[in-house]
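# Analysis of the macromolecular model
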Amino acid sequence: MVDSKVIEELRDYLNQSKYAVVLTGAGISTESGIPDFRSKDGWWNKINPAEVASVNALENNYELFREFYKYRIKMLDGCKFNRGHRILADWEDKGLVKSVVTQNIDGFHKDAGSKRVYELHGSISAIRCYVCEKEHSVEDFVNDKRCEVCGGNLRPGVVLFGEGLPSDVWQEAYDEILKSDLLLVIGTSLNVSPVNSLPTVAKGKRVLINAEKTFMDDIFDLVINAGAGMVLESVDRGL
Ligand code: APR
């Protein structure tokens, strides 16, 4: 359980803020049944990301690359957004939160109703040809189709290890965080750059809700080591 005074403090930050922005990672989707990456049951404790989630894998081991992303797409089929995503969407509707910047590719923030969402690592459902960039459907990808225009290999529109982030989305997200007077970081180990530089850009209050400690805890005004859904629900109850 989280101390009620901590919940009250976060609720006060939210009520006092004029421009609250949220930054999320895989930890906000674990309650939906989706593994994160670096917890004990995370993806990268079972699979080497270089072998399945890198440009090298896409170019030199396409079948394994495709099987990994087909597996993740099929896993998402049986999952949906959870109370954490829904509460953040509700807070946007109420004007408490201005936008969500996410590292997640599951689309759950948009599915839950958040409108201003910046997907820094792309979206797993945005399939395109790696050669000519022609857009294709998820069905084409999971059915091992090739590009209908040039015959090239299809890939999800996610940022792979060895790729840069989409510059337009990055700039918009960076500007959002510059404008924020409250940055709420939820469910991320803050291990991956350049996203882990964003909390240092925020000039206002910084809050971290994460199940485990991170190496950046000391830059936050408030660190809550607990489940995102439970914390957000506790804060929401008193708003
Ligand atoms: N509530 C709060 N925190 C949680 C929960 C939860 N229910 N479940 C897990 N966590 C925490 C974990 O303790 C962990 O510290 O969320 C954090 C998730 O960290 P990572 O697994 O490293 O995921 P993330 O930070 O999103 O990774 C960033 O790395 O591999 C790339 O592209 C991938 O976008 C991903 C990026």
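Residues numbered from 1 in each chain as written. Predicted model: local features only at pLDDT ≥ 70, side-chain atom pairs only at ≥ 80, totals over all residues. Heavy atoms only, no water.

## Side note on the packing of helix H1 (residues 4-16) against helix H10 (residues 228-237)
Closest axis-to-axis distance for the H1/H10 pair is 9 Å, and the angle between their directions is 65 degrees. By the criterion of interaxial angle, the relationship of H1 to H10 is roughly perpendicular. Classified by chirality, the crossing of H10 by H1 is right-handed. Contacts from Ile-7, Leu-10, Arg-11 and Leu-14 in H1 reach Val-231, Ser-234 and Val-235 in H10. Among the residues forming the contact of H1 with H10, the class breakdown is five nonpolar, one polar and one charged. (Axes fitted to C-alpha atoms, helices over the stretch in contact; angles between N-to-C directions. Helix = DSSP H or I, 4+ residues; strand = E, 2+ residues; numbered from the N terminus. Parallel < 35°, antiparallel > 145°, perpendicular 65-115°, else oblique. Left-handed = near helix turned anticlockwise from the far one by under 90°. Contact = heavy atoms within 4.5 Å. Nonpolar A, V, L, I, M, F, W, Y, C, P; charged D, E, K, R; others polar.)

## A closer look at the pairing of strand S6 (residues 154-158)
A large share of S6 lies buried, amounting to five of its five residues. Relative to S6, strand S4 (residues 122-129) is paired through five bridges, and the arrangement is antiparallel. The residue bridging Arg-128 from the neighbouring strand is Arg-155, located in S6. (Buried < 20%, exposed > 50% of the residue type's maximum accessible area, 1.4 Å probe, protein only. Pairing = 2+ DSSP bridges.)

## A short note on the domain arrangement of the chain
In terms of domain boundaries, the chain breaks down into domain 1 (1-34 + 81-121 + 165-239) and domain 2 (39-75 + 124-158). Relative placement of domain 1 and domain 2: their C-alpha centres are 28 Å apart. At the junction of the two partners, domain 1 supplies five residues and domain 2 supplies six residues. Taking both sides of the interface into account, the surface hidden between domain 1 and domain 2 amounts to around 440 Å²; carbon and sulfur atoms contribute 59%. Sorting the residues of domain 1 by area buried against domain 2 places Ile-34, Ile-105 and His-121 first, and these three jointly supply 80% of that buried surface. The interface formed by domain 1 and domain 2 contains zero salt bridges. Counting across the interface, domain 1 meets domain 2 through one residue pair in polar contact (both at pLDDT 80 or more). (Domains from an automatic or database assignment. Buried area = accessible area lost by both parts, 1.4 Å probe. Salt bridge = Lys/Arg side-chain N within 4 Å of Asp/Glu carboxyl O. Polar contact = N/O pair within 3.5 Å; in protein donor to acceptor, adjacent residues only side chain to side chain.)

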